[in-house]
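Each chain is listed here by its residues.
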Amino acid sequence: MLDNAPRGTICIEDIEIGMTRSLRKVITDRDIEMFAEVSTDRNPVHLDEDYAQDTIFGGRIAHGMLTAGLVSAVIGEQLPGHGTVYLGQSLKFLAPVRPGDMVLAEVEVTDIDHSKRRVTMNTRCIVNDKKVLVGDATVLAPSRKFD
């Protein structure tokens, strides 16, 4: 996994509108198999190439929520990072992610409510300069006042 920032915490007092963080990850066959195991989603479009060839995708694709999980990783590890509580996430899947694809997961702060410690972020995943997932997340950010 490649990303642009160290792991840790950015407290609500230090978050600014426009801040961004991201990570890059190649989606592997093993990732898809492990996600199927953990989630119990064994849809053959993810696991069986022969089956998937006859679908609208023309081959295997990663689980949409596996891709969305990369957004969660950016939020939970980088911005705001450790101690963050997810409050909500909207998602729109725009295109499939395939085994071997390099996914860029990005988050960008769009709104901050300091009194409630809430941060709203635009979230997106990109493969080969094409958006494959977009959405918005709302989180409860950590604060130095509670450390």
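Here the residue numbers are simple positions, counted from 1 along each chain's written sequence. Reporting in this predicted model follows two pLDDT cut-offs: at least 70 for local features of residues, and 80 or more for side-chain atom pairs to be given and counted; totals over whole chains, interfaces and linings ignore these cut-offs and use all residues. Working from all heavy atoms in the structure, the side-chain values ignore hydrogens and water.

Under the annotation held in an unreviewed UniProt entry, the protein carries the name 3-hydroxybutyryl-CoA dehydratase and is attributed to Yoonia rosea.

Here the focus is the overall build of the protein. Counting from the N terminus, the helices are DSSP H or I runs at least four residues long and the strands are E runs at least two residues long. A count of helices and strands for the protein gives four helices and six strands. Secondary structure elements of the protein occur, N-terminal to C-terminal, as β-β-α-α-α-α-β-β-β-β. Dimensions along the principal axes, computed over C-alpha positions, put the protein at roughly 55 × 30 × 25 Å. The cut-offs for exposure are 20% and 50% of the maximum accessible area for each residue type, with area from a 1.4 Å probe on protein chains only; residues under the lower value are buried, those over the upper are exposed, and the others partly exposed. Per-residue burial for the protein yields a buried fraction of 40% across its 147 residues.

Exposure above 30% relative accessible area and no salt bridge define the residues that can form patches, which grow by joining like charges within 9 Å and nonpolar side chains of Val, Leu, Ile, Met, Phe, Trp and Tyr within 5 Å. To be clear on the numbers: accessible area is Shrake-Rupley with a 1.4 Å probe, and residue cover counts the displayed protein chains and nothing else. Salt bridges are defined as contacts in which a side-chain nitrogen from Lys or Arg sits within 4 Å of a carboxyl oxygen from Asp or Glu. Nonpolar side chains collect at one region of the surface, where Met65, Leu91 and Phe93 lie side by side and expose about 280 Å² of accessible area between them. Here Met65 shows up in helix α4 (residues 64-77).

As a further point, take the UniProt feature "domain: MaoC-like" (unreviewed entry) in the protein. Sites flagged by UniProt as "domain: MaoC-like" (unreviewed entry) map to residues 23-127. Between the first and last C-alpha atoms of residues 23-127 the distance is 12 Å; the span itself is 32% helix and 33% strand. UniProt positions are given in the numbering used here, feature names are shortened, and annotations may be inferred rather than shown by experiment.

This paragraph deals with the side chain of Gln78. Structurally, Gln78 is set in the loop between α4 and β3 (85-93). Two N or O atoms form a polar contact when they lie within 3.5 Å of each other; inside protein one atom must be a possible hydrogen donor and the other a possible acceptor, and for residues adjacent in sequence the pair counts only when both atoms belong to side chains. A polar side-chain atom of Gln78 sits 3.3 Å from the main-chain carbonyl oxygen of Ser22.

What follows concerns α4. Given a helix with a known number of residues, its expected span is that number minus one, times 1.5 Å. Across its 14 residues, α4 extends 20 Å between first and last C-alpha, which sits within 8% of the 20 Å expected from 1.5 Å per residue. Inspection of α4 places Leu66, Thr67, Ala68, Leu70, Val71, Val74 and Ile75 among the buried residues, and these make up the whole buried set. Buried residues in α4 make contact with β2 (20-26), α1 (29-39), β3, β4 (102-113), β5 (118-127) and β6 (130-140). Residues are treated as being in contact if the distance between any of their heavy atoms lies within 4.5 Å.

To continue, consider a negative patch on the surface. In this charge count, Lys and Arg are treated as positive and Asp and Glu as negative; neither His nor the chain ends contribute. To locate a charge, take NZ of a lysine, CZ of an arginine, CG of an aspartate or CD of a glutamate. A contiguous patch of negative charge, built from Asp48, Glu49, Asp50 and Asp54, is present on the exposed surface. For Asp54, the location among the structural elements is in the loop between α3 (49-53) and α4.

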